[in-house]
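The primary structure of each chain is shown beneath.
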Amino acid sequence: MIDFTVRVGVFFLVFSTLVLWQWLSPRAMLLQWRQRWWHNMSLFALGALCVRVIQPLLLSVIAFSSSEFGLFWWLDLPFWAVFLFSILLLDCLIYWQHRLFHRIPLLWRIHRVHHSDPELDVSSAVRFHPVEIVLSLFFKGLAVWLLGVPVAAVLAFDVLLNASAMFNHTNVRLPVIIETWLKKLLVTPDMHRIHHSRVSLEANSNFGFFLSIWDALFRTKRNDALEGDEHLKIGLPDTKTYQPTSLKDVLVMPFTVFKKHR
Ligand SMILES: [Zn+2]
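Residues numbered from 1 in each chain as written. Predicted model: local features only at pLDDT ≥ 70, side-chain atom pairs only at ≥ 80, totals over all residues. Heavy atoms only, no water.

Before going further, it helps to examine the packing of aromatic side chains. The final tally for this structure, using the stated rule, is ten aromatic pairs. Ring geometry for Phe11 against Phe44: centres 5.0 Å apart, planes inclined by 10°, an arrangement best described as stacked. A residue pair is termed long-range when its members are at least 10 positions apart, and Phe11 in helix α1 (residues 2-24) and Phe44 in helix α2 (residues 33-65) qualify at 33 residues. On the basis of relative accessibility, which here comes to 27%, the residue Phe44 falls in the partly exposed class. (Phe/Tyr/Trp six-rings, centres within 6.5 Å; stacked < 30°, edge-to-face > 60°. Helix = DSSP H or I, 4+ residues; strand = E, 2+ residues; numbered from the N terminus. Buried < 20%, exposed > 50% of the residue type's maximum accessible area, 1.4 Å probe, protein only.)

In structure tokens, the structure reads:
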């Protein structure tokens, strides 16, 4: 119960702070926010419902099958080291999961819902198809089980990842000096905007959600948009102007045949 309260409490605190920030000093004019917020918040509600049903089942399976199972139990490290490595490894795995969602055509069908947002703001951070939410939950559950990640580290990681994802989708611009230093360690809004480009070369870079070190390490980091930030077109890669016009469009997107260059 404490777990749930912390997750929900931090989520709404961070979300409302970022909404206020982007409202006070928006980076770009958002022309379609009403429709986008309807789509994004509906997906958020559906995803949250799926998590509420599946997460307790998954956790009870993990708890039942292992009290002292997983890599960290066998290594017998001090708790602070387990905590730190848990967060680092989970973040690295999420980076690779994100790359797979772009690489494997079947997974891309699901993940393209996230990329079909024609503008970016904090609400884009919760725009994921429920199928992607469920798959991610199983993927993370498997990683937590195999690594033997302690419950406190899972909670800390989830809170950090969600807060960071909301931050790097926010429609704000950081002062250049802060942006330059921050992106050496963390994924910034400038970096993540490039990942939402309609140009597929740009969309296949900056896969991180929390730490930017994985993109640097695995050579997918892109600091600047190809034609400069002012010419960066946000939306579904390989399309010129396409955007879903209804919530139904968004929900059936993984199951529809999709023509490129629309
Ligand atoms: Zn992506």
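This is not the end of the story, as more comes after the structure.
In this structure's numbering, the residues bearing the UniProt feature "domain: Fatty acid hydroxylase" (unreviewed entry) are residues 84-220. Secondary structure over residues 84-220 splits into 66% helix and 0% strand, and the C-alpha atoms at its two ends are 24 Å apart. (UniProt positions renumbered as here; feature names shortened; annotations may be inferred.)

Moving on to the coordination of the zinc ion. Distances from the zinc ion to its protein donors, His98 (NE2), His102 (NE2), His111 (NE2), His115 (NE2) and His195 (NE2), fall within 2.1 to 2.2 Å. Mapped onto the sequence, the residues coordinating the zinc ion show the spacing H-x3-H-x8-H-x3-H-x79-H. A residue pair is termed a helical-turn pair when its members lie 3 or 4 positions apart in one helix, as His98 and His102 do in helix α4 (residues 79-103) at four residues. On the basis of relative accessible area, His98 is assigned to the buried category, the value being 3%. (Donors = N, O, S within 2.8 Å, 3.2 Å for Na, K, Ca; no water.)

Another point: the confidence of the model for the protein. Averaged over every residue, the pLDDT of the protein is 91; the share at 70 or more is 95%. Within the protein, the element-level pLDDT minimum falls on helix α3 (residues 71-75), averaging 81, and the maximum on helix α11 (residues 213-217), averaging 97. (pLDDT = per-residue confidence, 0-100.)

The topology assignment puts Pro189 in helix α9 (residues 189-195). Along the sequence, Pro189 and Ser246 sit 57 residues apart, while their C-alpha atoms lie 27 Å from each other. Apart from residues no more than four positions distant in its own chain, Pro189 is found in contact with Phe167, Asn168, Thr170, Val172 and Leu174. (Contact = heavy atoms within 4.5 Å.)

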